[in-house]
Amino acid sequence: MNCCQARHELELMQRENNRALLKHLHRCGECREYAEELRLVNLLRTMPAPEPSAQFEARVLEAALPTSCKKSRNQDRTRVRTWQFATAASLLLAVFAALPHWQSSAPAMDIASGEAVAADSGMQAPLAVNVSVDTARAMEGAMISVSLPEGLALDGYGDQRELRWRANLDAGANRLTLPVRVRNERRTEILIRIEHQGAHKEFYVPVDLPSAAGRLENRRAVSELQAI
Amino acid sequence: MIEFFRGRAAREDRFTALVRPHLRLMHRMAYRWTQDQRDAEDLVQDVLTHLFPRSGELEAVEKLGPWLIKVLYRRYVDLFRRRANSPIDESAPCISDDAYFQEQLQDDRNRFHQLELQRLLNRALMELDESWRDVVLLHDVEGYTALEVAEILDISVGTVKSRLHRARKKLKSVLEPGTVKAVATC
């Protein structure tokens, strides 16, 4: 048996090597070396490792998602969906902003018509105020602050008029939906502030309220962009 | 109450679809390095947390598996190895997870000899120079090509081969006759 045949035999990994191979290995140092290396690599290649604990994949994926995302997923999803489909009116306001150099342009404004939902507890049904924020680049961990005037409340937040949370903004359009409950019927504005890495931007979102009869006033509203 | 940025759900789903097929491999590799199951899970979770904002970058990666292992390796070095090497932090250096092999040996008497050899090899691996160990773990244990190992560790293919050669030479001594018996009696 030559070295080539011997190595071929070794690679077949037969449990009981034949006599010719053993005889060859006895006299050939290089093939003995090769056999040892093969054995080593085989042991390393089959080195066991523990399986991850139960639900590992779901757990690490869940933990990897940003807090705002998890919150919306775990707690608010059902409510938000219900709310989205049952809104009295939808106001879509496009606000163009870019940090740290803010740019503004005439915001596109579209008032979609919708059906008013019966009021509960003496208040009107929540109004879906959708704000689209355009950013030139992604902003990780941006701080969003919402300040409501006296006549408005956020559904589910009682009388709390100041809310702050962190969210990652994608480059391009990002959409914020606020479920607003109306306490009086004056035309009013919501202040939204976005902070990121020392820069900040504030803008007012005008809210045109539905009439007392639940009709929507299809009026055009004008948004104001205020660089501070 | 507030749904912020509905597009995120799609982004989240894309991220999950991209990384999920590689999570077990990442865990296994993290375990090989840390020799601790809990640390391995923490390391994978940490890497994913840092990767989520870079979802767009992930989509552009051609071979995501080795790329993720490269990110995992760098994070491991940052979080574990540098800390262990710090003169301030007296954390114990990486030691082989003998407990795991002990469990396996109890469960699997038929493969006793092989498992015992592997336990010895694992111990020997942890005593190797870190740079040699990394190459063996990736190439011989996990089966990456020399080119992929070079890419993951940011070294040349030549360096991979020379480290592999030296490491194997050292590891072979573990398999010499008599070694197992001597350790088994301890």
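Remember, it's a predicted structure, so these values are computed and weren't measured experimentally.

Take the packing of helix 2 (residues 19-27) of chain A against helix 3 (residues 29-45) of chain A next. All names here are of chain A. Two elements in contact, helix 2 and helix 3, have axes whose closest approach is 5 Å; the angle formed by their N-to-C orientations is 110 degrees. With respect to each other, helix 2 and helix 3 are oriented roughly perpendicular. Between helix 2 and helix 3 the crossing geometry is left-handed. Of helix 3, the residues touching helix 2 (which contributes His 24, Leu 25, His 26 and Arg 27) are Gly 29, Cys 31, Arg 32 and Ala 35. The residue inventory of the contact of helix 2 with helix 3, partitioned by class, reads three nonpolar, three polar and two charged.

Turning to the state of the cysteines, a few remarks are in order. Each disulfide consists of a covalent bond between the sulfur atoms of two cysteine residues. Residues and elements named next belong to chain A. Under the defined criterion, the tally for this structure stands at zero disulfides over all chains. Free of any disulfide, Cys 28 has its nearest cysteine sulfur in Cys 3, 3.6 Å distant. Sulfur of Cys 31: no disulfide; nearest cysteine sulfur belongs to Cys 28 and is 3.6 Å away. Look at Cys 31 and you get buried, because its relative accessible area is 0%.

Interface size, as often reported, equals the accessible area lost upon joining of the parts. Opposite the 47 residues of chain B that make contact, chain A presents 50 residues. With both sides pooled, the region where chain B packs onto chain A buries about 4,800 Å², and carbon together with sulfur makes up 61% of that total. Taken together, the links from chain B to chain A amount to six salt bridges. Between Glu57(A) and Arg24(B) there is a salt bridge; the shortest N-O distance is 3.7 Å. Connecting chain B to chain A are 14 residue pairs in polar contact (both at pLDDT 80 or more). Secondary structure elements with two or more residues in the side of chain B that touches chain A: strand 1 (3-4), helix 1 (7-19), helix 2 (23-34), helix 3 (37-51), helix 6 (98-107), helix 7 (112-127), helix 8 (130-141) and helix 10 (157-172) of chain B. Here the side of chain B that touches chain A takes eight residues from helix 7 of chain B, the largest share from any one element.

About the criteria used
Throughout, residues of each chain are indexed from 1 in the direction in which the sequence is written. Chains and ligands are labelled by the order in which they are written, letters from A for the one and numbers from 1 for the other. The model is predicted, so local features are restricted to residues of pLDDT at least 70 and side-chain atom pairs to those at 80 or more, both for listing and for counting; the totals for chains, interfaces and linings are taken over all residues. To get the side-chain values, all heavy atoms of the structure are used, and hydrogens and water are removed first. Here an axis means a line fitted to C-alpha atoms, over the contact stretch when the element is a helix, while the angle between two N-to-C directions is reported on a 0 to 180 degree scale. What counts as a helix is a DSSP run of H or I of at least four residues, what counts as a strand is a run of E of at least two, and both are numbered from the N terminus. Roughly parallel means an angle under 35 degrees; roughly antiparallel means over 145; roughly perpendicular covers 65 to 115; every other angle is labelled oblique. When the near helix sits turned anticlockwise from the far one by under a right angle, the crossing is termed left-handed; a clockwise turn instead gives a right-handed crossing. The contact rule is simple, with two residues in contact once any of their heavy atoms fall within 4.5 Å. Gly is placed with the polar residues, together with every amino acid not listed as nonpolar (Ala, Val, Leu, Ile, Met, Phe, Trp, Tyr, Cys and Pro) or charged (Asp, Glu, Lys and Arg). Here, a disulfide means two cysteine sulfur atoms that sit within 2.5 Å of each other. Each residue is placed in one exposure class: buried if its accessible area under a 1.4 Å probe, protein chains only, is under 20% of its type's maximum, exposed if it is over 50%, and partly exposed if it falls in between. Throughout, the accessible surface (probe 1.4 Å) given up by two parts as they are put together, summed over both, is called the buried area. Whenever a carboxyl oxygen of Asp or Glu lies within 4 Å of a side-chain nitrogen of Lys or Arg, that contact is scored as a salt bridge. A 3.5 Å cut-off defines polar contacts: any pair of N or O atoms within that distance qualifies, except that in protein one atom must be a possible hydrogen donor and the other a possible acceptor, and neighbouring residues in sequence count only when both atoms are side-chain atoms.

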